[in-house]
Amino acid sequence: MSRLTELFGIDVPIVLGPFGGLSSVELTAAVSAGGGLGSFGLYGYAPERIHDTISRLRAATDRPIAVNLWWPRGDEVGPSDVDLDPVLDATAPLFEAAGAARPELPAAFLPALADQLDAVFVARPDVVSVVFGAPDAATVARAREHGIRLVGTATSVAEAVALDDAGVDAVVATGMEAAGHRVSFLRDPAESLVGTFALVPQVVDAVSVPVIAAGGVADRRGVAAALALGAEGVQVGTAFLRTRQSAATVAHRAAIAAAQDTDTVLTRAMSGRLARGIPNRAVREIEAADAIAPFPAQNWLTGVFRAAAAAAGEGELLSLWAGQAAGLARLDDAAGVLSELRAGLPDALG
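The model shown is predicted, which means the values in this text are computed figures rather than measured ones.

Each value, and the rule that gives it
Residues numbered from 1 in each chain as written. Predicted model: local features only at pLDDT ≥ 70, side-chain atom pairs only at ≥ 80, totals over all residues. Heavy atoms only, no water. Pairing = 2+ DSSP bridges. Helix = DSSP H or I, 4+ residues; strand = E, 2+ residues; numbered from the N terminus. Axes fitted to C-alpha atoms, helices over the stretch in contact; angles between N-to-C directions. Contact = heavy atoms within 4.5 Å. Buried < 20%, exposed > 50% of the residue type's maximum accessible area, 1.4 Å probe, protein only. Parallel < 35°, antiparallel > 145°, perpendicular 65-115°, else oblique. Left-handed = near helix turned anticlockwise from the far one by under 90°. Nonpolar A, V, L, I, M, F, W, Y, C, P; charged D, E, K, R; others polar. Polar contact = N/O pair within 3.5 Å; in protein donor to acceptor, adjacent residues only side chain to side chain. Expected span 1.5 Å × (residues − 1). Arc of directions from axis to C-beta.

### Considerations on the sheet that holds strand β4 (residues 127-131)
Strand pairing in a sheet is mediated by backbone hydrogen bonds. Such pairs are either parallel or antiparallel. If you walk across this open sheet you meet the 8 strands as β1-β9-β8-β6-β5-β4-β3-β2, and the pairing is parallel. The open sheet has two free edges, formed respectively by β1 (14-16) and β2 (38-41), since each of these has just one partner strand. On average, each strand axis in the sheet is inclined to that of its neighbour by 25°, with strand direction left out of account. Relative to strand β5 (residues 149-154), β4 runs parallel, the two being bridged by 4 bridges. Bridge pairing links Ser129 to Val151 in β5. Contacts from helix α8 (residues 157-166) reach β5 and β6 (170-174), with the element oriented near 160° to β5.

Quick look at the structure:
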């Protein structure tokens, strides 16, 4: 038993990375049922979909589950704030290749966080994690009232301290190796590119709550190394994203399986915010044309052709999120990944 396993009511301190847009009930439930903490990303989910998703998770497993929300960073744009015509013109070949029509602007790019929070607190998951910010006092108080644990995500020591001061129950220290978005909120993400194994011990020294290491952990060696540096648990994304239980397409999983250490890049092309993934036609053409709108306009725009490309199995037009340890993601079954990670835990925790 560790502080983290006791805090979350889980058997082993292994957390599934919450994949915004790529989460599946099957994978989340599999990790929870295996003794870890299954997480599900709720990016872009309206309240009704949040209720339905958490209900399906509860039906799939009786073990603790976590859901993830994106905190507003303050620089988000709405449909009336940006002229997307130049970007839509520049990306027209990508829409054509995906078989997607040029979209009309929606009323809003994202649901309101307040509405999402209301839905989450009604549904009562065991854990709520947030990225891109620190929860406010009202949210912390509501979580306490409902018996929900709060987890914040930091890309720097200063962010970890801010999260600790805000009252979260644990901090994910996520290094620049990690797949997906760089979730910095105190400085520009490009100025917060600290590696996992440099970041973790400094965060451990700076905060009072348990620290979860994320980024570059894909097998038993990464788990052992993270714990040796003071982390009390690990969060793993890419290794689980490759498994058949994830919502990643066959093309995405194949790209992870083929990736080596130098095969990922940091790009703003797909969402307007800096994120790590495997470059493809979409990334190259958007960057070459500098056709990048502010977040979340860019994410909405590319999401239209990405959805069509996913249905067609066209990997060159997807967001192929993957971390620098993709070359270590060798297993295609969630239970196998969890077993491999557990092998890196000391006997008292495994």
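### Some thoughts on helix α6 (residues 113-123)
Regarding α6, the residues found buried are Leu113, Gln116, Leu117, Ala119, Val120 and Phe121. Residues of α6 that are buried sit in contact with α3 (47-60), β3 (65-70), β4 and α7 (137-146).

### Observations regarding the sheet that holds strand β11 (residues 275-277)
Within the open sheet, the 3 strands sit side by side as β7-β11-β10. Their pairing is antiparallel. A strand with exactly one partner marks an edge of an open sheet, and here the two such strands are β7 (180-181) and β10 (265-267). Alignment of β10 against β11, held across 3 bridges, turns out to be antiparallel. Across the sheet, the residue bridging to Val265 is Gly277, located in β11.

### Considering the packing of α3 against α6
Each pair of packed helices gets described by two things: the angle between the helix axes and the distance between those axes. Contact geometry for α3 and α6: axes closest at 9 Å, N-to-C directions at 25°. On the basis of their axis angle, the class for α3 and α6 is roughly parallel. Seen along the crossing, α3 lies across α6 with a hand that is right-handed. For the pair formed by α3 and α6, the contact residues are Pro47, Ile50, His51 and Ile54 on the first element and Asp115, Gln116, Ala119, Val120, Val122 and Ala123 on the second. Of the residues that constitute the contact of α3 with α6, the class distribution is 7 nonpolar, 2 polar and 1 charged.

### Quick notes on the environment of Asp75
By the element assignment, Asp75 lies in the loop between β3 and α4 (85-90). In this structure Asp75 comes out as partly exposed when scored by relative accessible area, which is 39%. Residues Asp75 and Arg58, spaced 17 residues apart in sequence, show a C-alpha to C-alpha distance of 35 Å. The contact partners of Asp75, leaving out residues within four places of it in the chain, are Arg273 and Phe295. There is a polar contact of 2.8 Å between the side chain of Asp75 and the side chain of Arg73. Within the structure, the side chain of Asp75 is placed 2.9 Å from the side chain of Arg273, a separation counted as a polar contact.

### Remarks on α3
The first and last C-alpha atoms of α3 sit 20 Å apart over 14 residues, in line with the 20 Å expected at 1.5 Å per residue. Taken as a whole, α3 has its buried residues at Ile50, Thr53, Ile54 and Leu57. Across the axial projection of α3, the buried residues extend over an arc of 95°, all falling on one side. Turned more than 90 degrees away from the buried face of α3 sit Glu48 and Ala59, all of them exposed. For α3, the secondary structure elements touched by its buried residues are α2 (25-33), β2, β3 and α6.

### Here we look at the packing of α2 against α3
Where α2 meets α3, the closest approach of the two axes is 9 Å, and the angle between their N-to-C directions is 45°. Between α2 and α3, the interaxial angle falls into the category oblique. Seen along the crossing, α2 lies across α3 with a hand that is right-handed. Facing α2, whose interface residues are Val25, Thr28 and Ala29, α3 presents Arg56, Leu57 and Ala60. Looking at the contact of α2 with α3, its residues break down into 4 nonpolar, 1 polar and 1 charged.

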